[in-house]
Amino acid sequence: MKTPASANAGTGHIAEQIAQLPYLPMENLWTLWDELFEQRPNHRNRTYLETRLAYRLQERAFGGLSPSVRRRLERIGETGIVPRLSQREANSLLPGTLLTREYDGVVHRVVVRGPGDFEHRGRRYKSLSAIARAITGTQWSGPAFFGLKASRRGDKA
């Protein structure tokens, strides 16, 4: 395995290096560690070494976290408080996500199929707001109805 100093930063080469990590003897992992990090960890957990080495190889090849993301993560680590999702983040639900809401004693489940594609009771909808309207009969913010953001009405989802 080539060392990062002599490595080509191509995506394929980095993937090959990372794929080889589980098969390297511990001595080779430590050699690579010493090249990539200033000090060794206090333990000898192989999985930890492999994951940190894989991250560092990718970080060197493709760049690390932006300063703003790094600050945000540090704030979360210091306070333990995770900021609320922005509207953009709330709208980027991963396919397969299941949203559940009880309304008037009935449990409603919505499956996110993709961007602008939701399924409720076997029927497809283009927005969570359309589903909330179908359930309640009134105009609702879909993300607020399903607890993805605060409601203007002050109701708790």
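As the structure is a prediction and not an experimental result, all values here were calculated from the model.

Peer 1: An account of the overall build of the chain is needed here, citing residue identities and associated values.
Peer 2: Scanning the chain from terminus to terminus reveals 7 helices and 4 strands. A total of 157 residues make up the chain; the buried ones form 29% of that total. For the chain, the proportion of contacts with a sequence separation of at least 24, taken over those separated by at least 6, is 27%. Summed over all atoms, the accessible surface of the chain reaches about 10700 Å², with 50% contributed by carbon and sulfur.

Peer 1: If you had to explain the pairing of strand S2 (residues 106-114) to someone new, which residues and values would you point to?
Peer 2: Here strand S1 (residues 98-103) pairs with S2 via 6 bridges, running antiparallel. Looking across to S2, one finds that Glu-102 is bridged to Val-107. In this structure, the hairpin formed by S1 and S2 is closed by a connection of 2 residues, where Asp-104 is found at a positive phi of approximately 50 degrees. As defined by bridge partners, S2 adjoins strand S3 (residues 117-120) across 4 bridges and the pair is classed as antiparallel. Bridged to Val-111 within S3 is Glu-119. Remark: 2 residues form the turn of the hairpin made by S2 and S3, two consecutive strands paired antiparallel; Gly-116 in that turn has positive phi of roughly 65 degrees.

Peer 1: Describe the pattern of salt bridges, and please don't skip the residues or the numbers.
Peer 2: The full count for this structure, using the stated rule, is 6 salt bridges. Salt-bridge contacts for Arg-56 lead to Glu-59; the nearest nitrogen and oxygen are separated by 2.9 Å. On the criterion of helical spacing, the pair formed by Arg-56 and Glu-59 is a turn pair, its members being 3 residues apart in helix H3 (residues 46-62). Asp-117 is paired through a salt bridge with Arg-113; the nearest N and O atoms lie 3.9 Å apart. On the basis of relative accessibility, which here comes to 18%, the residue Asp-117 falls in the buried class. Overlapping salt bridges, with partners in common, bring together Arg-113, Asp-117, Glu-119 and Arg-124 in one network.

Peer 1: Help me get a handle on the sheet that holds S1, residues and values and all.
Peer 2: Strand order in the open sheet made by the 4 strands is S1-S2-S3-S4, with antiparallel pairing throughout. A strand with exactly one partner marks an edge of an open sheet, and here the two such strands are S1 and strand S4 (123-125). Geometrically, the sheet is characterised by an average inter-axis angle of 30 degrees between neighbouring strands, direction not taken into account. Contacts from helix H6 (residues 128-136) reach S1, S2, S3 and S4, with the element oriented near 20 degrees to S3.

Peer 1: I'd like to hear about the packing of aromatic side chains, residue by residue, with values.
Peer 2: Inspection of the entire model under this criterion finds 6 aromatic pairs. With a centroid separation of 4.0 Å and an interplanar angle of 25 degrees, the aromatic rings of Trp-33 and Phe-37 are classed as stacked. Ring geometry for Phe-145 against Phe-146: centres 5.0 Å apart, planes inclined by 85 degrees, an arrangement best described as edge-to-face. Cluster of aromatic residues (ring-pair linked, three or more members): Trp-30, Trp-33, Phe-37 and Tyr-48. Over the face of the ring belonging to Trp-140 we find Arg-101, whose NZ or CZ atom lies 5.8 Å from the ring centre. Sitting above the plane of the Phe-145 ring, Arg-101 keeps its charged end 4.2 Å from the centroid.

The rules behind these values
- Residues numbered from 1 in each chain as written.
- Predicted model: local features only at pLDDT ≥ 70, side-chain atom pairs only at ≥ 80, totals over all residues.
- Heavy atoms only, no water.
- Helix = DSSP H or I, 4+ residues; strand = E, 2+ residues; numbered from the N terminus.
- Buried < 20%, exposed > 50% of the residue type's maximum accessible area, 1.4 Å probe, protein only.
- Contact = heavy atoms within 4.5 Å.
- Areas by Shrake-Rupley, 256 points an atom, 1.4 Å probe, with all protein chains shown as cover.
- Pairing = 2+ DSSP bridges.
- Salt bridge = Lys/Arg side-chain N within 4 Å of Asp/Glu carboxyl O.
- Axes fitted to C-alpha atoms, helices over the stretch in contact; angles between N-to-C directions.
- Phe/Tyr/Trp six-rings, centres within 6.5 Å; stacked < 30°, edge-to-face > 60°.
- Lys NZ or Arg CZ within 6 Å of the ring centre and 35° of its normal.

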